[in-house]
Amino acid sequence: MSMNRRRKGRPLDGWLIIDKPQGMTSTDVVNRVKRGFDAQKAGHGGTLDPLATGLLPIAFGAATKTVPYVMDGTKLYHFTLKMGESRDTDDAEGAVTATSTVRPTDDVLRAALESFRGTIMQIPPAYSAIKVAGERAYDMARDGRPPDLPPRPARVDRFELIERLDDDLAVFEVQSGKGVYMRSLARDIARACGTVGHIAALRRLRVGPFTEATAISLDKALASGDTPHASPDLLLPVATALADIPALALTEQEATGLSHGQALSLIPLMGRIPDRIDPDGGLVRAMAGSRVVGLCRLQDGLLRPERMM
């Protein structure tokens, strides 16, 4: 590789948890942070719509390898449903497509929530990043040819009405797995109650192991010393992303074997494997002392290396 092809920026590794402001795309935030920290490599752990605020985990360097595990983690959201108007984007940014004078009571809303818990089938919003024959759904929708998206399974662990602001506005809390669209939940709960609706406000409070306690505003992150660049002291270690994955203690010898791509027999590990791990495909965080060796799966009586750090 010639010298002028070398990657720009400094080689930072770790996580920065941004409390995303409203009105910016997730990609805009990543680009600003990448520039501000003069980082070689950065990506995010799960898109937030421009309308949404809250947790946007940003991965630098080696942390980008752990992004899929963060995106698989539990998410916690609060959203405000505005009843009486549906919009083409299923949020406040879109054009009104239908109206209704029906305003369900709190009891009606609560009763309808029951059928939206557990594993449900959900039709994604037309304005989503899903690809249809190689095209993004939102590009097709913007061109006036919204795609007919098939329903897909989504896991909703918790869905509660937490506040009724007025006749039109109700606030919900949702805890969910990956790939659950809050805009679809808002649209569908309104329909289930005999009205129409869309999301007026959305905030993400948790992504996997990351909570509001670890988040920092974009302005504060970019203003943090280390002139002319932001301070790497704000970064959390790469392994923080894996805190939700059950740990398995290994000897140095076992850790070395895994690092060289060897699978280990589960028999000598039996007393150490956490109870809640599925022996058929369960994921563990392999540890040698306090060091994360990598992520491994239990399969066919073996511990197989999946993603070594």
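Here the structure is a predicted model, which means the values were calculated and not measured.

Participant: Even after reading the chapter, I still don't get the UniProt feature "domain: tRNA pseudouridine synthase II TruB subfamily 1 C-terminal" (unreviewed entry) in the protein, so can you show me in this structure?
Facilitator: Within this numbering scheme, the UniProt entry marks residues 246–308 as carrying the feature "domain: tRNA pseudouridine synthase II TruB subfamily 1 C-terminal" (unreviewed entry). Secondary structure content for residues 246–308 is 13% helix and 43% strand, while the C-alpha to C-alpha distance between its ends is 16 Å.

Participant: Explain unusual backbone geometry to me, please; I cannot follow it from the model alone.
Facilitator: Where the residue is not glycine, phi is negative for most of them; where a peptide bond is considered, it is trans in most cases. In this structure, alanine 133 is a non-glycine residue whose phi angle is positive, near 50°. Note that alanine 133 resides in the loop between β8 (131–132) and β9 (135–136). One non-glycine residue, aspartate 300, lies in the positive phi region at around 55°.

Participant: Sorry if this is basic, but what is going on with the sheet that holds strand β16 (residues 264–265) here?
Facilitator: Sheets are built from strands paired through backbone hydrogen bonds, the pairs being either parallel or antiparallel. Strand order in the open sheet formed by five strands is β15-β17-β18-β19-β16, and the pairing between neighbours is mixed. Because the sheet does not close on itself, it has two edges, and the strands there are β15 (247–249) and β16. Pairing of strand β18 (residues 291–299) with strand β19 (residues 302–308), which is carried by six bridges, proceeds in the antiparallel orientation. Opposite cysteine 296, over in β19, you have proline 305 as the bridge partner. The sheet contacts of helix α7 (residues 252–259) involve β15, β16, β17 (283–288), β18 and β19, and relative to β18 the element is tilted by about 70°.

Participant: So what exactly am I meant to see when it comes to the side chain of serine 86 here?
Facilitator: Within the fold, serine 86 resides in strand β5 (residues 85–87). Taking relative accessible area as the criterion, serine 86 reaches 13% and is therefore assigned buried. At 2.8 Å, the side chain of serine 86 forms a polar contact with the side chain of threonine 97. If near-sequence neighbours (up to four positions away) are discounted, serine 86 is found in contact with Ala95, Val96, Thr97, Ala98, Val196 and Gly197.

Participant: Which parts of the structure should I look at to understand helix α1 (residues 26–36)?
Facilitator: Side chains three or four residues apart in an α-helix point the same way, a direct result of the helix having 3.6 residues per turn. Taken together, the buried positions of α1 are occupied by Ser26, Val29, Val30, Val33 and Gly36. Buried positions in α1, seen along its axis, are confined to an arc of 135° and lie on one side of it. Of the surrounding elements, those touching the buried residues of α1 are β1 (14–20), β2 (42–44), β3 (53–60) and α6 (218–222). Of the residues flanking the end of α1, it is aspartate 38, one or two places downstream, whose phi is positive at about 50°.

Participant: In this structure, what is going on with the domain arrangement of the protein? I would like to understand it.
Facilitator: Interface size, as often reported, equals the accessible area lost upon joining of the parts. Parsing the protein into structural domains produces domain 1 (14–73 + 210–240), domain 2 (75–205) and domain 3 (245–308). Spacing between the C-alpha centres of domain 2 and domain 3 amounts to 39 Å.

Participant: Help me out: how do you make sense of the pairing of β3 in this one?
Facilitator: Residues in a regular strand project their side chains so that they alternate between the two faces of the sheet. Of all eight residues making up β3, eight are buried, and the element is well covered by its neighbours. Both β1 and β3 contribute to a ladder of seven bridges, which runs antiparallel. Its bridge partner being in β3, leucine 16 is matched across the sheet by isoleucine 58. Both β3 and strand β12 (residues 197–207) contribute to a ladder of two bridges, which runs parallel. Across the sheet, the residue bridging to threonine 53 is arginine 203, located in β12.

Participant: What's the story with the nonpolar core in this structure? I'm lost.
Facilitator: When a protein is soluble and globular, its nonpolar side chains tend to lie buried together. Core analysis: the largest hydrophobic core is formed by 28 residues, its most contacted members being Phe79, Leu81, Phe159, Phe172, Met182, Leu185 and Leu202. Contributing elements (two or more residues each) for this core: β4 (75–83), α3 (106–113), β10 (152–164), β11 (169–176), α5 (182–192) and β12. When residues of this core are assigned to their parent elements, the largest contribution, five residues, is made by α5. Residues from two domains meet in this core; each of domain 1 (14–73 + 210–240) and domain 2 (75–205) gives at least three. If we skip the residues at most four places from it in the chain, leucine 81 touches Asp168, Leu169, Ala170, Phe172, Ala186, Ile189, Ala190, Gly197 and His198.

Conventions used here
- Residues numbered from 1 in each chain as written.
- Predicted model: local features only at pLDDT ≥ 70, side-chain atom pairs only at ≥ 80, totals over all residues.
- Heavy atoms only, no water.
- UniProt positions renumbered as here; feature names shortened; annotations may be inferred.
- Helix = DSSP H or I, 4+ residues; strand = E, 2+ residues; numbered from the N terminus.
- Pairing = 2+ DSSP bridges.
- Contact = heavy atoms within 4.5 Å.
- Axes fitted to C-alpha atoms, helices over the stretch in contact; angles between N-to-C directions.
- Buried < 20%, exposed > 50% of the residue type's maximum accessible area, 1.4 Å probe, protein only.
- Polar contact = N/O pair within 3.5 Å; in protein donor to acceptor, adjacent residues only side chain to side chain.
- Arc of directions from axis to C-beta.
- Domains from an automatic or database assignment.
- Core = buried A, V, L, I, M, F, W, Y, C linked by side-chain atoms within 4.5 Å.

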